[in-house]
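Inside the fold
Below, each chain spelled out in residue letters.
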Amino acid sequence: MPDTATLPDGLTAAVRPLDPEAAWIPAWRALGAEAQIRNPFYEAGYALAAQKAFGAGVRLLIVADRPPEAPGARLLAVWPFQVSWRRWGLPLPVLMGWTHGYGPFGAPLLDGADPEAALAALLAAPRALGLPPRLYLPNAPADGTFADLLAAHGVRQAAYWRHERGLLDVTGRSMPARKTYLDHLSGKRRRKLRLALQRLEAAGPVALEILDAPAALDGALDDHVALETAGWKGRAGTGLGQRPDEVAFLRAVLADLGAEGRVRVARLRRDGRILASAILPLTGPEAWVLKIAHDEADPEAAPGVQLIHRLTEAVLAGEGIDRIDSCAPPDFALGSTFWTERRPIAHLLVEATRDPLFPLARTLERARERVARARLTSRSARSA
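All values derive from a computational prediction rather than experimental measurement.

Another aspect to go through is helix H10 (residues 244–259). Look at H10: 22 Å from first C-alpha to last across 16 residues, which is about the 22 Å you get at 1.5 Å a residue. Here H10 has its buried residues at Glu246, Val247, Phe249, Leu250, Val253, Leu254, Asp256, Leu257 and Gly258. Buried-residue contacts for H10 involve helix H1 (25–34), helix H2 (44–49), helix H3 (51–54), helix H8 (214–229), strand S10 (263–270) and strand S11 (273–283). The first or second residue beyond H10 is Gly261, which carries a positive phi of 70°.

Another aspect to go through is the layout of surface pockets. Taken as a whole, the largest pocket spans an internal volume of roughly 1000 Å³. What lines the largest pocket is a set of 38 residues, among which Ile292, Cys327, Ala328, Pro329 and Phe332 lie closest to the centre. The residue makeup of the lining of the largest pocket, split by class, is 21 nonpolar, 11 polar and six charged. For the lining of the largest pocket, the domains that each give at least three residues are domain 1 (4–163 + 344–383) and domain 2 (172–321). The computed volume of the second largest pocket comes to approximately 350 Å³. Lining the second largest pocket are 19 residues, with Ile37, Phe105, Glu286, Arg323 and Arg343 sitting closest to its centre. Taken together, the elements giving at least two residues each to the lining of the second largest pocket come down to helix H5 (145–153), strand S12 (286–288) and strand S15 (341–351). Here the lining of the second largest pocket takes three residues from S15, the largest share from any one element. Its residues assigned to classes, the lining of the second largest pocket shows eight nonpolar, five polar and six charged.

Now for unusual backbone geometry. When glycine is set aside, most residues are seen to have a negative phi, and most peptide bonds are trans. At Asn139, a residue that is not glycine, the phi angle is positive and equals roughly 50°. Along the chain, the position of Asn139 falls in strand S7 (residues 134–141). Residue classification places Asn139 among the buried residues on the basis of a relative accessible area of 15%. At Cys327, a residue that is not glycine, the phi angle is positive and equals roughly 55°. Following the sequence through the fold, Cys327 ends up in the loop between strand S14 (323–325) and helix H12 (333–338). Look at Cys327 and you get buried, because its relative accessible area is 13%.

Core analysis: the largest hydrophobic core is formed by 82 residues, its most contacted members being Trp28, Leu61, Trp79, Phe249 and Leu348. Two domains share this core, each providing at least three of its residues, namely domain 1 (4–163 + 344–383) and domain 2 (172–321). Membership of the second largest hydrophobic core comes to 28 residues, among which are Ala266, Leu280, Leu316 and Ile321.

Okay, empty space enclosed by the protein next. As enumerated under the stated definition, the model contains two cavities of 30 Å³ or more in all. There is about 60 Å³ of room inside the largest cavity. What lines the largest cavity is simply Trp79, Pro108, Leu119, Leu122, Leu123, Leu135, Leu137, Phe146, Leu150 and Val350. Those elements that place two or more of their residues in the lining of the largest cavity are helix H4 (115–128), S7 and H5. Here the lining of the largest cavity takes three residues from H4, the largest share from any one element. A class-by-class count of the residues in the lining of the largest cavity yields 10 nonpolar, no polar and no charged. Size it by volume and the second largest cavity reaches roughly 30 Å³. Lining of the second largest cavity is provided by Phe41, Tyr42, Trp98, Thr99, His100, Gly103 and Phe105. When its residues are assigned to classes, the lining of the second largest cavity shows four nonpolar, three polar and no charged.

Moving on, we get to the UniProt feature "domain: BioF2-like acetyltransferase" (unreviewed entry) in the protein chain. UniProt feature "domain: BioF2-like acetyltransferase" (unreviewed entry): in the numbering of this structure it lies at residues 188–327. Secondary structure across residues 188–327 divides into 46% helix and 24% strand, with the first and last C-alpha atoms of the span separated by 26 Å.

Another point: the domain arrangement of the protein chain. In terms of domains, the protein chain is made up of domain 1 (4–163 + 344–383) and domain 2 (172–321). A C-alpha centroid distance of 31 Å is found between domain 1 and domain 2. Facing 14 residues of domain 1, the contacting portion of domain 2 comprises 16 residues. For the pair domain 1 and domain 2, the summed buried surface comes to about 1400 Å²; carbon and sulfur atoms form 69% of the total. In this assembly, domain 1 and domain 2 are joined by three salt bridges. A salt bridge links Arg262 to Glu43, with the nearest nitrogen and oxygen atoms 2.9 Å apart. Here domain 1 is connected to domain 2 by three residue pairs in polar contact (both at pLDDT 80 or more).

Rules of the game
- Residues numbered from 1 in each chain as written.
- Predicted model: local features only at pLDDT ≥ 70, side-chain atom pairs only at ≥ 80, totals over all residues.
- Heavy atoms only, no water.
- Helix = DSSP H or I, 4+ residues; strand = E, 2+ residues; numbered from the N terminus.
- Expected span 1.5 Å × (residues − 1).
- Buried < 20%, exposed > 50% of the residue type's maximum accessible area, 1.4 Å probe, protein only.
- Contact = heavy atoms within 4.5 Å.
- 1 Å grid on protein atoms, 1.4 Å probe; cavity = no way out; pocket = protein on both sides within 12 Å on 5 of 7 lines; lining within 4 Å.
- Points joined across faces, edges and corners; volume = space filled by probe spheres on them.
- Nonpolar A, V, L, I, M, F, W, Y, C, P; charged D, E, K, R; others polar.
- Domains from an automatic or database assignment.
- Core = buried A, V, L, I, M, F, W, Y, C linked by side-chain atoms within 4.5 Å.
- UniProt positions renumbered as here; feature names shortened; annotations may be inferred.
- Buried area = accessible area lost by both parts, 1.4 Å probe.
- Salt bridge = Lys/Arg side-chain N within 4 Å of Asp/Glu carboxyl O.
- Polar contact = N/O pair within 3.5 Å; in protein donor to acceptor, adjacent residues only side chain to side chain.

Have a look at this one:
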């Protein structure tokens, strides 16, 4: 199986390991910054930081204007993937987009100057490299630019596990319009927020702080880890304090993005005590909710809810962020309580090039989804 091939349009397709020393890492960074659809989780700094904790077996499918190692190479598409040989219990392999607990968005990086050509080349690359012609993109955008690009290319595809997650988007809104954004909250909801805030501030005033200085981020992560470890996850042995590889990953992410001014840590503080903390990578004016932790000493004070409320108010007042993706799983209400916009998400199975077995793969994946949903419903019923 070759690791480099020339495509019919003269572009180069390549498969490469996640190698922080590779000559093309700067070109990968450049593509991430100019991609048609920004995805911080597939950008170079973030992906390389995640390699040790989550990257076993992950490689990169690359499209470039020449071999990636060649001087001056320009990357046009990058997609981290793994090969699943028997996802459906049959020898029917599929390329699986990289996903993990800290990677909740699966859009590939496509050249912003010509995303149509970049996608066409990315879809042609597997066959040229002797890879399976079936792609599975977890947590991909189910509408908008990426969906339009796929539709224009005319490939067969199928969507699974469709859902919508909470999104705050005040792009282009005037300040008067921003001031009325939260008017949708009911009187009952507002009263509950006031009562919870009173409980939270019973021992002193609570302040929102949004940290971005690189020197402050390392300590902020330590506080975040301590906050989560003090809760039920710590007692169950699953908190960040018990997962050193994940802490090292987050520390590397904060260092890399912090050096570029591309991460925020929003938190609620009462004197020297951190009550809630959220880590937010940035892509331009858009933030992504990577991780939330909160003090569990008084659940009725709901510090996590208060943090999202105060963060929303700060954004509406002109914090410099126009859009926040909650990155939340289905039926998780924290972001959607305050944010009225939604981002449709689905796992997409895509036929990269002509594949007579695609209908079989599509049917098998649908059956897999049905079985998983039935099991989920059964577990929920037993819990209830």
